[in-house]
Amino acid sequence: MNPLARFQNNAWFQAGRMAYLALFAMTLIAAASWLFSNVRQIEPDKRAVVMRFGVVSRTAGAGLLLAWPEPLEQVEILPAADRVIEHHVTALLRKDIVPAWTNTGGEKSDAVAGAGYLLTGDSGVVQLDVQVYYVITDPVAFVLQGEHVIPALDRLTEHAAVAICASRDLDTILVARPEMVGNGNPVAERRERLRGDLRQGINQQLAALSAAGSSAGIAVMRVDVQSSLPPAAVDAFNGVLTASQQAEQNIASASNEAARVHQDAVQSADRALQVSQAKASEQIARASTDTATVVQLADDHSPELLWRLWRERMPAILAHAGSVTAVDPRDDAHLVLPGPGRPSSQP
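Please read all numbers here as calculations on a predicted model, not as lab measurements.

Rules used throughout
Residue indices follow the written sequence of each chain, beginning from 1 at its first position. Note on the predicted model: pLDDT of at least 70 is required for a residue's local features to be given, and 80 or more for side-chain atom pairs to be given and counted; whole-chain, interface and lining totals, by contrast, use all residues. Calculation of side-chain values draws on the structure's entire complement of heavy atoms; hydrogens and water are dropped beforehand. Only runs of H or I of at least four residues qualify as helices and only runs of E of at least two qualify as strands under DSSP, and these elements are numbered from the N terminus. Between buried and exposed lies partly exposed: a residue is buried under 20% and exposed over 50% of the maximum accessible area for its type, with that area taken using a 1.4 Å probe on protein chains only. By definition, residues are in contact when any of their heavy atoms lie within 4.5 Å. All accessible areas in this document rest on Shrake-Rupley with a 1.4 Å probe, and a residue is counted as covered only by the protein chains that are shown. Put simply, a patch holds well-exposed residues, over 30% relative accessible area, that have no salt bridge, with like charges counted together within 9 Å and Val, Leu, Ile, Met, Phe, Trp or Tyr side chains within 5 Å. We define a salt bridge as a side-chain nitrogen of Lys or Arg found within 4 Å of a carboxyl oxygen belonging to Asp or Glu. Ring pairs shown here join Phe, Tyr and Trp side chains whose ring centres sit within 6.5 Å, with only the six-membered ring taken for Trp; geometry is labelled stacked below 30 degrees between planes, edge-to-face above 60, and tilted in between. Placement of a charge over a ring requires the Lys NZ or Arg CZ to be within 6 Å of the ring centre, with the centre-to-atom vector within 35 degrees of the ring normal. Between any two strands, pairing holds if DSSP finds at least two bridges. All axes here are fitted lines through C-alpha atoms, helices being fitted over the stretch that makes contact, and every angle between N-to-C directions spans 0 to 180 degrees. A residue's pLDDT is the predictor's confidence in that residue, given on a scale from 0 to 100. Any pair of nitrogen or oxygen atoms within 3.5 Å is treated as a polar contact; in protein, a donor-acceptor pairing is required on top of that, and neighbouring residues in sequence qualify only through side-chain atoms on both sides.

Kindly report on the overall build of the protein chain, identifying the contributing residues and their values.
Looking only at helices and strands, the protein chain features 10 helices and 11 strands. The 347 residues of the protein chain split such that 24% are buried. Look at the contacts in the protein chain between residues 6 or more apart in sequence, and 60% of them connect residues 24 or more apart. As presented, the protein chain carries roughly 23,400 Å² of accessible surface, and 59% of it is formed by carbon and sulfur atoms.

So this is what it looks like as C-alpha cells:
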C-alpha cells in the first residue's frame, strides 16, 4: 500500500483533519458573526448614533441598521426624540449630601450644618426634592458628552433652584401659612408657577451651554418639585399654626359675643323706643282730653267762660304745685305766691 494512502487512512490523521475542519468552520462563523455584529434592528422608540473610529458618522432611526463591526464603527442606542426620560436630582437632598462630608471618626463637619438647604428671599430655609423629565434633542451632542450629561444636569438644576429660591419668599415655595392658600391669592399662583420657573431656568442654562459650543443635547420638559422644611423648623411652624388657629377661634368667639350683645342692645333700644312712643301717645291723648274743653271755649271766643273755668280749676291745680310764680306780661314787676309745700322764690 502507498505510504501516503496508509498515512491518510490513519485514525490520528482523520481526527486531526476533522478538528481542522471544525476549527475552520468555527472561524468562519466567528468571522461572520463579527462582520454582522453591528447589523441590528432599531426599535420604534429608539434611535442609533454610529461612530467611525470615535467620530460621529451618522444617525439612524427605527428600522434595520447596517454598520461595520467594532472597532471600525461603534453604535450607541438612544431613546427616541419623543421619549421622556426621568432623572432624580439627588444633589439637593441633605440625606445624600451629609454622609459624603462625614469624617472617618463618625463626627460631622461644620460644613454640613446647612447642607441640602436653600435660602429663600425672606431669609427662610427650605429643602427641594426635584424630579426632572427630559428628552434628547441632539443625539450627536448627547453621545459626545457621554457620562458628563447627568452631572451637568444636576449642577444646572441645583443652580436654578438656588436662584429661584433666593428670588422668592417662603410662602411662594411651600404652604408655610395655610391662611394664604386661597386660589385668588397671588402667593398661591406664584407657588403653582414654581415648577415652570425651575424648568425655564434649567432650559435657559442649557441654551447658554449650546451657544457656548458645549451642548448637552437635552431639553427639560417637566419638573416635579416636593418642598419641605428642616425638621427643627417644623415644630416651630406647627406652634405658629396652632397659635394662629387659636387666635382665629378667639376672634370668632369674640365676634359672635359682640354680635349677640349688639343684637340684645338693639332689641332693648327698640323696646324702650316703642314703650316711650306708647307713653307719649297716651300722655298726648290724656292732655288733649283734659284741655279739650278749654281749647273749645278758646275757639268759641268766650272769655267769660274761660275765666270761670280758670277760677274753678286753678285752685285744684295749684294745690299740687310746690311753688307758683305769677308774672304779668304787661308789667315788669313779679309777684311770688308761696304754695302749700316748701317755699321757694324765683326772680
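There's plenty left to go through after this.
Describe in detail a nonpolar patch on the surface, supporting the description with residues and values.
A grouping of Tyr20, Leu21, Phe24 and Leu28 is seen on the molecular surface, where their side chains present a nonpolar patch of about 440 Å² in accessible area. The residue Tyr20 is located in helix H2 (residues 11–35) in this model.

For the packing of aromatic side chains, give the residues involved together with the corresponding values.
For the structure on display, the rule yields one aromatic pair. A ring pair is formed by Tyr20 and Phe24, whose centres lie 6.5 Å apart and whose planes are at 20°; its orientation type is stacked. Linking Tyr20 with Phe24, this pair stays in helix H2, spanning four residues, or about one helical turn. Above the face of the Tyr133 ring, Arg222 is positioned so that its terminal group lies 4.0 Å from the ring centre.

Provide a residue-level description of the sheet that holds strand E3 (residues 55–60), including the pertinent values.
Spatial strand order, E3-E2-E5: three strands in an open sheet with antiparallel pairing. Lying at the two open borders of the sheet, with one neighbouring strand each, are E3 and strand E5 (73–79). Going from strand to strand, the sheet's axes swing by 25° on average, the running direction of each strand aside. The pairing of strand E2 (residues 46–52) with E3 spans five bridges and is antiparallel. Across the sheet, the residue bridging to Val49 is Thr59, located in E3.

Break down the confidence of the model for the protein chain for me, citing the residues and quoting the values.
Averaged over all residues, the pLDDT of the protein chain equals 78, while 74% of them reach at least 70. In the predicted structure, residues 343–347 sits below a pLDDT of 50 and forms six contacts with residues beyond four places in sequence or in another chain.

Give a description of the side chain of Thr172 that names residues and reports values.
Within the element layout of this structure, Thr172 appears in the loop between helix H5 (149–166) and helix H6 (186–192). Given a relative accessible area of 1%, Thr172 falls into the buried group. Engagement of the side chain of Thr172 in a polar contact is seen with the backbone oxygen of Asp169, the distance being 2.8 Å.

Describe the environment of Val223, listing the residues and the values that go with them.
Considering the arrangement of structural elements, one finds Val223 in strand E9 (residues 218–228). Val223 sits in the buried class, given a relative accessible area of 3%. In this structure, the C-alpha to C-alpha distance between Val223 and Arg199, residues 24 residues apart in sequence, is 5.9 Å. The residues contacting Val223, other than those within four sequence positions of it, are Val130, Gln131, Arg195, Leu198, Arg199 and Ile202.

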